[in-house]
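Tertiary structure, described
The lines below spell out each chain.
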Amino acid sequence: MSQMNTHCPQISLFPFPLTENELSWEASDWESAWDSGENKEEGATSTTGQKEPWLQDCVVSLSPCSDLLVVARQQKAVFLSAKWRTDDSGREEMTLAVSWTGTLSTDEGECVSSSICIPLASQKRSSTGRPDWTCVVVGFTSGYVRFYTENGVLLLAQLLHEDPVLRLKCRTYEIPRHPGVTEQHEELSILYPAALVTIDGFSLFQSLRACRNQVARAAAAGSDVIQPPPLAYKKWGLHDMDTIVDHCSVGIMTLCVFDQMKNASILGGFNASVKGNPPAMSQYVTVGGGPYTGFYYAVEGSTQPLLSHVAMAVASKLTSALFSAASGWLGWNKHKNEEEAVQKQKPKVEPATPLTIRYGLPDSRRHGESICLSPCNTLAGVTDDFGRVTLLDLARGIAIRMWKGYRDAQLGWLQVPEERVDREFSPSASLPRRHALFLVIYAPRRGILEVWGMQHGPRVGAFTVGKHCRLLYAGYRLMGVNSVTSKGWQLHTQQVCLLDPITGALRTVNIPFHLALSDKKSERAKDLHLLKRLTTLLRSRGVDEAKSALLDIKHPAIKKQALESLLSNKNAPVSCLTNITCALHDTLKQQGKLSQDSLEGIEDELSRVGPTLQRYAQLTSRPSVSFAQDSPDSPLPVQAFLSQMEYEKKMKRLINCDKISGQISATLLNCFFVWMQREKEVLQKPEETVRNLHTLLIALSNMPGAVEESWDSQSISPWWQQVRCTCIQSHNAAAALLAAFVAHRAAKASITSRSEWEAVSLDLEQWSVCVRQLEDVLVLQTLLLVPPPQGAAGGAALLVAVCQRFPHSLSPDLLFAHCCWEYVVQWNKDSEVHIHTYIHTHKYSSKEGRQPLKNNVYPQVCLCWQDIGMGDKAVTSFLGCCVRLLQILMEADSAVEEVSAPELSVEEVWCGAEGPASLAELALEQKGVHYPLVQHHCLLASLQHAAMTFSLKLKPLSLFDSKGKNAFFRDLTTIQLMPSGDMDPGLVSIRQEFLLRVLTSWVQAIDDPSSSASADWWPSLCLELGSLLQVNPDILRRHLVCELYNQGLDLRAEEVMLEVEDKDVLGSQLLVLTGQRLSYSLLHSQSQTQGAMELLARLPPTLCTWLKAMDPSELRCPLVPLPQTSRLVGRLIEILPENHAQYSLGLHLLEAVEALTTED
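Conventions and cut-offs
Residues numbered from 1 in each chain as written. Predicted model: local features only at pLDDT ≥ 70, side-chain atom pairs only at ≥ 80, totals over all residues. Heavy atoms only, no water. Helix = DSSP H or I, 4+ residues; strand = E, 2+ residues; numbered from the N terminus. Buried < 20%, exposed > 50% of the residue type's maximum accessible area, 1.4 Å probe, protein only. Areas by Shrake-Rupley, 256 points an atom, 1.4 Å probe, with all protein chains shown as cover. Axes fitted to C-alpha atoms, helices over the stretch in contact; angles between N-to-C directions. Parallel < 35°, antiparallel > 145°, perpendicular 65-115°, else oblique. Left-handed = near helix turned anticlockwise from the far one by under 90°. Nonpolar A, V, L, I, M, F, W, Y, C, P; charged D, E, K, R; others polar. Polar contact = N/O pair within 3.5 Å; in protein donor to acceptor, adjacent residues only side chain to side chain. Pairing = 2+ DSSP bridges. Patch = residues over 30% accessible without salt bridge, like charges linked within 9 Å, V, L, I, M, F, W, Y side chains within 5 Å. Salt bridge = Lys/Arg side-chain N within 4 Å of Asp/Glu carboxyl O. Core = buried A, V, L, I, M, F, W, Y, C linked by side-chain atoms within 4.5 Å. Contact = heavy atoms within 4.5 Å. Phe/Tyr/Trp six-rings, centres within 6.5 Å; stacked < 30°, edge-to-face > 60°.

1. Points about the overall build of the protein chain
When you go through the protein chain residue by residue, the secondary structure sums to 35 helices and 33 strands. When each of the 1160 residues of the protein chain is scored for burial, the buried share is 44%. Accessible surface computed for the protein chain: about 61400 Å², of which carbon and sulfur atoms make up 53%.

Shown next, in the form of structure tokens:
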């Protein structure tokens, strides 16, 4: 069980502050209790001296990522965020520190009744599963549900029902593990005493992101009011239950045919009819009283979702009863009159759709207190006021198991995947990966935490904890994840955590998968049984049987755990420990798993650095160093040294060592240095050369005069210090590392031979440091040897290894900053090549880029080259990069108050280095940008990017007034006079005309999916630009609808039509387009039929004259199937009011199209 300490300063919210008290039990005791939990006494008391149960009076919620904790009481709340800190011993640990405190309630008398922390997934492609930010959802006794950021900024407030909020629960996307399992949608469910509101997860995700962006922009612009987008939700009135206190939303399910027929017979009797396809239903389970548990089923499609809007917005346009406006607003720092007006104006609350109970578990005396849904959505745990915990089978609607003696229990679920090691030896290795399900029960009255296997499994663990803890179980993960974006992600979430207010510790519960195994033939299960037996025998001091049990264990991990349990047992006598350890040592030695050679473990070290050595050997091509001419001043020439050796069985052995005096033993290090110079030969056979060098070092260190007899192992030996200096000063990193490996082993063997005690020496510590440093040098040198063209592919693994050794210097932020700077430098050298080289290569190889004009000249390309030194394609990509860069600057400026400045840290090895300030230090010294000015430039870059993408003629500065022109190309950190107020109508008209041309060009480019101009985000960009340019967005939407119909893309046009506000003008525009289509079919088509001619003769004269006046040549896609035209006419009749001047003409068109369709 892992732990994470929390620390809070003293605040007025709680009766006393949280402190960093030491834990009353160690993590090792927790881990070892998994297998001995059945022997614990359930009545064991918790730690003495615990204070009042203040946490029970608070509303506590924890993010599933364990990075945000919310504690609220009455009107106040405190947010605690995860941060790393270094304790007094220098060890880094994760802590929860206060990030925000304040009052959440805004209405008089309301209190916090429920809260939930929902992490939102990042939409960036580089995301690996970490949340972008976390939204705090808080329910109040007034019925309001408010959404906050991690810093307490209010994003959205909704009043969906005028009763206290009882519970908030969330469901996020989970990848189906088996085929045929229904894929569940994300949602947020809000429980009231007699109603249940479910908010669609996709709508909530988009709304929260939009609100957060609007808050950032409003804060940057100095505004204080934002317009939150609508939320899609459903509201159910839960009937036929006396009281409801908790719920769970199981999700969408589809009954089988048999269950469908059974339900139809029960509800409708003998003559009940059964539909062909079973309907999809959403299942909701509630607990309370009368009945004790209720099952509700809502058929999908039986009611349309409601849309919530801002209370001050006028919703008269939405005349449909299926889409009504619920209230919700957001604003702060308003004038006093406006605040009073908002408080007096009560939002309209939509009525709930009645939902009757399908069936329940009646028990007149029993009242449910809470329900906890399992991750697989098939089981649920229910607690009641009788101190029982009931396990429900949700598919069958029955109780399948019950535990008693758990009053005020708190529940949680753990779904554990099968371990990879266990799966390799499992008989079902070819089947999908198995998952084990466990139920965690915390009984605060007894201060015990239990873990039970499902569905009828035994108790696999029991732990004594405090009586005032809180079991925190989220039951969901990240919101905004789907089957596409989750590929390759590793979601870092915790399932169950235990918060202890006495010690201030937050512990996560982890359960091994093998505890769910019940196969008697499983070797692991047998080993676990032997481990339990060993524990029992050690208590009874059965030495002989304990020795037999330990030797019979097969699995190495369990054998290690048994040995650790044996050595930590305080009741076992010394003789027992000696006999068992000696027997285990002899057994391993007989099996060949122990070696007396001092080179033990050298193979592991060589295999660890083997890939780096191979890569280093491939990249180095230096010739091997040969012996130079012997110096006459040398006291021991090389020939004299070699004359004392003879070659036997590929191993050099010292024969006449006694002839060499101790005075020249230090000179022998020259040969050691020469060995490292022959690096190329050494790397060809590293295992053999390492053993030869080990023999040489052992012989040298045992020579008289090498290591002094009076040397103390707690001091540094001059001999081994010389060997270390020789390794460190060598320019051959690979050979020096291998020599350090060997010297470390030789030094350890030399020290061990001098004493019977364990080899603990200052020299050995120095060798460990030397080996690590040489490994770092080898990896760095190998990375620097990688040629630049192969840097990305060939150096990826090396870069990962370097990052592990230099975590601060090569942190992602610093690495990306330097990479960005290098790209800028390269772009300055050759702007045409280094702007997304791959993208341009792909574009220039397309057919469009290979169509020459007259005389094989590309005029636009030549003009771009003459003006700015880049081709048109490069300019287009360059402008797109500028837009993205400016957007990044705006996002960074918006989050500058939420994210603290990074603390630059360096490794200890660089502390003595001198030089200029780093790029990161220079970046942190820069001033912050002015958000409106950056947005102004981003607007210009977006307009230019659109013009280049769609080859539109545009003078960009003609779209701005004098203030806007003067603000361009200024330092982004300065404050400039920006355009404000209403623009000149003529200027707005020019802007509108340009945006309309962009939309037209985009529609024409849709048929070419390989082109960047066909991206789906262009319409939304035009609407965003229109809002900044004071262009009516409804005009842009109407134009886009007409262009899509003109292109024959009717389905896309219908989607955009839903967002158009002025339907009257749109109807008049589409009426002309419909007439052009019908005119082409009746008058201009080459395949005119006799029926069409007769129909034309029967048409009213006014309609016939009107059709003849139509010009079908304006249609880009005149050949549209008649059913699409008929559907378009039907849409016209729906949006045109009956008193419209052209309503009768639309009816005539509808009759003509229906008649023409019937004849076809």
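2. Quick look at the packing of helix H23 (residues 872-894) against helix H25 (residues 931-949)
Where H23 meets H25, the closest approach of the two axes is 9 Å, and the angle between their N-to-C directions is 155°. By the angle between their directions, the pair H23 and H25 is classed as roughly antiparallel. Considering only the axes of H23 and H25, their crossing is left-handed. Its residues placed into classes, the contact of H23 with H25 shows 12 nonpolar, 10 polar and 2 charged.

3. Some thoughts on the side chain of glutamate 450
You can see glutamate 450 is positioned in strand E27 (residues 448-453). Among the residues examined, glutamate 450 registers a relative accessible area of 0% and is labelled buried. One polar contact links glutamate 450 to arginine 459, side chain to side chain, over a distance of 2.9 Å.

4. A closer look at the pairing of strand E21 (residues 368-373)
Counted residue by residue, E21 has 5 buried out of 6 residues, so it is predominantly covered. In this antiparallel pair of consecutive strands, E21 and strand E22 (residues 379-384), the connection spans 5 residues, and asparagine 377 shows a positive phi of 60°.

5. Considerations on a nonpolar patch on the surface
Taken together, the side chains of Val257, Met261 and Val274 present a nonpolar region at the surface, about 260 Å² in accessible area. Within the fold, methionine 261 resides in helix H3 (residues 257-268). Relative accessible area serves as the criterion here: at 44%, methionine 261 is assigned to the partly exposed category.

6. Let's talk about the nonpolar core
Phe994, Val1041 and Leu1070 are the most contacted members of the largest nonpolar core, which totals 66 residues. No other element matches the 9 residues that helix H27 (residues 985-1004) contributes to this core. Beyond its immediate sequence surroundings of up to four residues, phenylalanine 994 is in contact with Leu943, Ala946, Ala947, Leu952, Leu954 and Leu959. In this structure, Leu414, Val440, Tyr473 and Leu498 belong to the second largest nonpolar core, which totals 38 residues.

7. Here we look at the sheet that holds strand E24 (residues 398-404)
If you walk across this open sheet you meet the 4 strands as E21-E22-E23-E24, and the pairing is antiparallel. In the strand order of this sheet, the two ends are held by E21 and E24, each with one partner. Across this sheet, the average inter-strand angle for adjacent strands is 20°, counted without regard to direction. Here E21 runs beside E22; their pairing, made up of 5 bridges, is antiparallel. Bridge assignment links glycine 368 to a residue of E22, and that residue is aspartate 384.

8. A few points about the packing of aromatic side chains
Summed over the entire model, instances satisfying the criterion amount to 8 aromatic pairs. With 4.9 Å between their ring centres and 45° between their planes, phenylalanine 79 and tryptophan 100 make a pair best called tilted. Of this pair, phenylalanine 79 sits in strand E4 (residues 76-86) while tryptophan 100 is found in strand E5 (residues 92-103), placing the two residues 21 residues apart along the sequence. For phenylalanine 79, a relative accessible area of 0% translates into the label buried. The exposure class of tryptophan 100 is buried, given its relative accessible area of 19%. Every member of this aromatic cluster is reached through a ring pair, and the members are Phe295, Tyr297 and Tyr359.

9. Focus: the environment of methionine 454
You can see methionine 454 is positioned in the loop between E27 and strand E28 (459-464). Looking at methionine 454, the relative accessible area reads 18%, which means it is buried.

10. Quick look at the packing of H27 against helix H29 (residues 1033-1046)
Relative orientation of the contacting elements H27 and H29 amounts to 30°, with a least axis distance of 10 Å. Between H27 and H29, the crossing angle belongs to the class labelled roughly parallel. Where H27 crosses over H29, the two elements pack in a sense that is right-handed. Facing Gln992, Leu995, Leu996, Leu999, Thr1000, Trp1002 and Val1003 of H27, the residues of H29 in contact are Ile1035, Leu1036, His1039, Leu1040, Glu1043 and Leu1044. Its residues assigned to classes, the contact of H27 with H29 shows 9 nonpolar, 3 polar and 1 charged.

11. Topic: the side chain of threonine 198
With respect to the helices and strands, the residue threonine 198 is situated in strand E12 (residues 195-200). You can call threonine 198 buried: its relative accessible area is 6%. Ignoring anything within four residues of it in the chain, the contact list for threonine 198 reads Glu187, Leu188, Ser189, Ala232, Tyr233, Lys234, Trp236 and Tyr284.

12. Looking at the sheet that holds strand E3 (residues 68-73)
In spatial order, the strands read E2-E3-E4-E5; together these 4 strands make up an open sheet with antiparallel pairing. Each of the sheet's edge strands pairs with one partner strand only, and the pair in question is strand E2 (59-62) and E5. Along the sheet, successive strands turn relative to each other by an average axial angle of 20°, direction set aside. Sheet topology note: the E3/E4 ladder contains 6 bridges and is antiparallel. Within E4, the position partnered with leucine 69 by the bridge is leucine 80.

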